[in-house]
Amino acid sequence: MCGRGWRFYEWPGQRAPCRVIYLLQWLHYKRRFHPIYRATFVPKRPAGIPVTLPLDARSGATLQRQVYDGLRAAILAGRLRPGIRLPSTRSLAADLAVARNTVTAAFGQLVAEGYAEARVGAGTVVARALPDDLTKVAARLALDNGTGPARNRPRISRRGRSLSAARVCCDFPTRGPLAAGCPALDQVPLDLWGRLAMRVGRRLERELLGHGDPAGYPPLRKAIAQYVAVSRGVRCADEQIVVTSGSQQALFVASQVLLDPDDVAWVEDPAYPGTVNALRAAGARLVPIPVDAEGIDVRFGEERRPAPRVVAVTPSHQYPLGVTMTLARRLELLRVARRARAWVLEDDYDSEFRYSSRPIPALQGLDQDGRVIYLGTFSKTLFPALRLGYAVVPADLVRPFTAVRSVLDVHSPVLEQAVLAEFITAGYFERHLRRMRTLYAERQQVLLEEARRHLAGLLELAPSGAGLQCVGWLAPGLDDQIAARAAAAHDVDVTPVSRFALGRFSRPGVLLSFGAFEPRQIRAGVQRLADALRDLRDGRFADEVTAGREPEPTPHRKSASA
């Protein structure tokens, strides 16, 4: 034996069986003394979380009292939660630049009064159960430190109050079958993504570790420009791409750049809540324009509404109704925007998934005046947690867009941008889209077949030419808000169309999403939805649902997806 481990030496003429005997003897020796080896390599316990305490040498209180008071206040305020291990007396004394005996005495007083517990081999931890009188003290401290209401606190701004009332754009996480807002996360090529991340990491340059370009990682901007030019008919150069943290940030940046307070913004009615929130954040005066079978009703807006400064549309796949804007309506919208000297925000959030026809070119490709800002995202095509989107802006707007974007978070994470650029340029992105297009078409077909079988007379479901959800129009006499609550009582999540309306929406309907769910989950969800709507139509639990209370679900067979 020598060095860092066991070594076996053989003498001249030694045979192999002898070496085997020596190895067996060594293994026997190690097993015999295994407890010693195990005790030798037990990792040390963590030293406890660092604690910052305000100490004042000019105060009349002793340092021991100040350490005690600071730890006690932290415990009562909840900053040091029950069961958390306090730092060792040695490390805390070094951090506070005081004698160790001072900290030891403060710890002893905390233990004596029940604020902490001293455990053999585990150090000092915050007591798990505080006396009732200490809980009352904690409540008073909460009021004093601003977490409770106070009469003299300043109010938040009018914009802050307006935004605090904004509807969240999607639910986190997806709860049950048919819930909208998410792609098929089980189909994301995580192994491939991990290999690309490792490849990017191996050739990582130090420049990527610093601050990146607020407009985006240059190779990713180039890859996006090439992709949208070929697949969406967008006319742009690499320099016109501004990478954002999702399309929601792109909407926010565009609203801040293009709008002044009280400027008129036309929005589709019903509309995507994220668009409404972004425009309101800029102080715009929202003017709802109805949507018909051809898209936003431009003539209605031109005849009855004030001229807009911005028009926000989803022409390829209107959200939430799923309508595709016709070519004639697109040209009419550009004509009105030119006459009103207005900007057009084109949110192209899921046009990659088209089933009934070829992808329709983007509205931006028809624009001759440089007034259309094209917005895209990778949340639907890959996964929402990636938080990467982009805006295609006219060349003269690149600088203001980049400046406003840098105010928010300087730039999106560069490493994720580098991996995405590799994913697109290597051809994996296009391959993934083709595979997902086929998968989503199959899942939509399952939804349509199940709806015809179980929802006839309750809900009229039309096939969607694109996207990840369909609109189901309810039978006369059913309210979509009440229907959504009844469905939730049967463990199904559907979204009422009226939730997206800026005014009164006369036709009740619900969104049924198929993208994130396997066929067995879709079948079970449709059956449960049919039970809910049937109960609602027949008057069972009507009073409870109308009052907003969750009714007791009727017994049904548990599906395989439950």
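Residues numbered from 1 in each chain as written. Predicted model: local features only at pLDDT ≥ 70, side-chain atom pairs only at ≥ 80, totals over all residues. Heavy atoms only, no water.

Draft legend 1. Layout of the nonpolar core. Within the largest apolar cluster, 71 residues are counted, with the highest numbers of intra-cluster contacts made by Phe378, Leu382, Leu420, Leu447, Val494 and Leu529. Here this core takes 10 residues from helix 16 (residues 428–454), the largest share from any one element. With near-sequence residues (within four places) excluded, Leu420 lies in contact with Trp193, Leu220, Phe378, Leu382, Leu386 and Leu388. (Core = buried A, V, L, I, M, F, W, Y, C linked by side-chain atoms within 4.5 Å. Buried < 20%, exposed > 50% of the residue type's maximum accessible area, 1.4 Å probe, protein only. Helix = DSSP H or I, 4+ residues; strand = E, 2+ residues; numbered from the N terminus. Contact = heavy atoms within 4.5 Å.)

Draft legend 2. The arrangement of the pattern of salt bridges in detail. Applying the stated rule across the entire model yields 25 salt bridges. Between Glu460 and Arg507 there is a salt bridge, with the nearest N and O atoms lying 3.7 Å from each other. With a gap of 47 residues between them, Glu460 in strand 11 (residues 459–461) and Arg507 in the loop between strand 13 (495–496) and strand 14 (509–513) connect regions that are remote in the sequence. The class of Arg507 is partly exposed, set by a relative accessible area of 41%. Arg520 is the salt-bridge partner of Glu518, the closest N and O atoms lying 3.1 Å from each other. What you see here is one network of salt bridges that share partners, running through Asp292, Glu294, Arg299, Glu302, Arg329, Glu332, Arg335 and Arg339. (Salt bridge = Lys/Arg side-chain N within 4 Å of Asp/Glu carboxyl O.)

Draft legend 3. Focus on the pairing of strand 7 (residues 310–313). Of the two faces of strand 7, both are covered, the one formed by Val310 and Ala312 as well as the one formed by Val311 and Val313. Note that strand 4 (residues 264–269) and strand 7 share three bridges and pair parallel. When the bridges of strand 7 are listed, Trp266 appears paired with Val311. As judged from the four bridges shared by strand 7 and strand 8 (residues 343–347), these two strands associate in the parallel manner. (Pairing = 2+ DSSP bridges.)

Draft legend 4. Geometry of helix 8 (residues 190–202). In this model, helix 8 (13 residues) spans 18 Å end to end at C-alpha, consistent with the 18 Å of a helix rising 1.5 Å per residue. Within helix 8 the residues assigned to the buried category are Leu192, Trp193, Leu196 and Val200. Relative to the axis of helix 8, the buried residues are bounded by an arc of 100 degrees and lie together on one face. Facing away from the buried side of helix 8 by over 90 degrees, the exposed positions are Leu190, Asp191, Arg195, Met198 and Arg202. The inward-facing, buried residues of helix 8 contact helix 15 (414–425) and helix 16. (Expected span 1.5 Å × (residues − 1). Arc of directions from axis to C-beta.)

Draft legend 5. Seen up close, the environment of Gln481. Structurally, the position occupied by Gln481 is in helix 17 (residues 480–489). By relative accessible area, Gln481 is classed as partly exposed at 30%. Separated by 14 residues in sequence, Gln481 and Thr495 have C-alpha atoms that sit 8.2 Å apart. Those residues in contact with Gln481 that sit more than four places away from it in its chain are Pro496, Ser498 and Arg499.

Draft legend 6. Seen up close, the packing of aromatic side chains. Summed over all chains, the structure comprises 12 aromatic pairs. Geometrically, the ring pair formed by Trp193 and Phe383 is edge-to-face, given 5.7 Å between the ring centres and 80 degrees between the ring planes. Placement of Trp193 in helix 8 and of Phe383 in the loop between strand 9 (372–377) and strand 10 (389–392) is noted, with a sequence separation of 190 residues between them. An identical accessibility class is assigned to Trp193 and Phe383; each is buried. (Phe/Tyr/Trp six-rings, centres within 6.5 Å; stacked < 30°, edge-to-face > 60°.)

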